[in-house]
Amino acid sequence: MRDKFTRFMMGRYGIDTLGKVNIGVVLVLLIVNMFLNSPWLYWLSLILLVVAYWRMFSRNVQKRYRENQWFADRFSGIAGWFRRQKNYQAQRKEYHIYTCPSCKQKVRVPKGKGKISIHCPKCGNDFIKRS
């Protein structure tokens with residue numbers, strides 16, 4: 001069965017970032033629709049699901065690639081923001097992240113060192129904070 005599916009997918013576009021986001025939006029709409037019971041949300045989620053599968057099984061690889069690149073160019077800032085937030089949350093266990101009062105550069109200092117003088121690497125300003 002796996003070989004048959006692999007042969008079926010040869011020459012087809014497959015899943016990409018835009019497809020994953022599209023299917024994620026469909027799942028969110030379906031969950032919201034469970035509580036609201038709106039026919040409009042149901043049909044919208046159904047249309048988006050059909051579009052996601054249509055893109056996945058498409059043989060026009062170049063066009064699907066351009067669509068995905070357009071999506072990545074427009075929404076890479078949003079994905080980057082989420083990655084930065086995840087990184088900050090991981091670092092908060094061991095570090096404090098302070099903002100320099102003069103240039104707004106973020107400076108990371110280890111926790112548990114008491115009151116320390118922080119030297120900004122960008123502008124050279126010194127400021128005192130608790131770590």
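All of these numbers come straight from a predicted model, not from anything done at the bench.

(A) Region of the structure containing a nonpolar patch on the surface. On the surface, a nonpolar cluster with roughly 570 Å² of combined accessible area is contributed by Leu-27, Leu-30, Tyr-42, Trp-43, Leu-46 and Val-50. Broken down by secondary-structure element, the contributors of at least two residues to the nonpolar patch are α2 (17–36) and α3 (39–56). Looking at which element gives the most residues to the nonpolar patch, the answer is α3, with four residues. If you trace the backbone, Trp-43 turns up in helix α3.

(B) Representation of the pairing of strand β4 (residues 126–130). Bridge analysis of strand β3 (residues 115–119) against β4 gives five bridges, and the strand direction is antiparallel. The residue bridging Ile-116 from the neighbouring strand is Lys-129, located in β4. In this antiparallel pair of consecutive strands, β3 and β4, the connection spans six residues, and Gly-124 shows a positive phi of 85 degrees.

(C) Spotlight on the confidence of the model for the chain. Mean pLDDT for the chain: 90, with 100% of residues reaching 70 or above. Mean pLDDT in the chain bottoms out at helix α1 (residues 2–9), which sits at 82, and peaks at α2, which reaches 94.

(D) Layout of the nonpolar core. Grouped together as the largest cluster of nonpolar side chains are seven residues: Tyr-98, Cys-100, Val-107, Val-109, Ile-118, Cys-120 and Phe-127. Residues within four places of Tyr-98 in sequence aside, it is in contact with Gln-105, Lys-106, Val-107, Val-109, Ile-118, Phe-127, Lys-129, Arg-130 and Ser-131.

(E) Inspection of the packing of α2 against helix α4 (residues 61–91) at higher detail. For the pair α2 and α4, the least separation of the axes is 8 Å and the interaxial angle reads 70 degrees. What the angle tells us is that α2 and α4 run roughly perpendicular. The segment α2 lies against α4, with Thr-17, Leu-18 and Val-21 engaging Glu-67, Asn-68 and Phe-71. When grouped by side-chain class, the residues that make up the contact of α2 with α4 number three nonpolar, two polar and one charged.

(F) Highlighting the environment of Val-26. Locating Val-26 in the fold gives a position in helix α2. The spacing of Val-26 and Leu-46 is 20 residues in sequence and 7.6 Å in space, taken between C-alpha atoms. Sequence-distant contacts of Val-26, that is, excluding residues within four places in its chain, are made with Ser-45, Leu-48 and Leu-49.

Conventions we followed
- Residues numbered from 1 in each chain as written.
- Predicted model: local features only at pLDDT ≥ 70, side-chain atom pairs only at ≥ 80, totals over all residues.
- Heavy atoms only, no water.
- Patch = residues over 30% accessible without salt bridge, like charges linked within 9 Å, V, L, I, M, F, W, Y side chains within 5 Å.
- Areas by Shrake-Rupley, 256 points an atom, 1.4 Å probe, with all protein chains shown as cover.
- Salt bridge = Lys/Arg side-chain N within 4 Å of Asp/Glu carboxyl O.
- Helix = DSSP H or I, 4+ residues; strand = E, 2+ residues; numbered from the N terminus.
- Pairing = 2+ DSSP bridges.
- pLDDT = per-residue confidence, 0-100.
- Core = buried A, V, L, I, M, F, W, Y, C linked by side-chain atoms within 4.5 Å.
- Buried < 20%, exposed > 50% of the residue type's maximum accessible area, 1.4 Å probe, protein only.
- Contact = heavy atoms within 4.5 Å.
- Axes fitted to C-alpha atoms, helices over the stretch in contact; angles between N-to-C directions.
- Parallel < 35°, antiparallel > 145°, perpendicular 65-115°, else oblique.
- Nonpolar A, V, L, I, M, F, W, Y, C, P; charged D, E, K, R; others polar.

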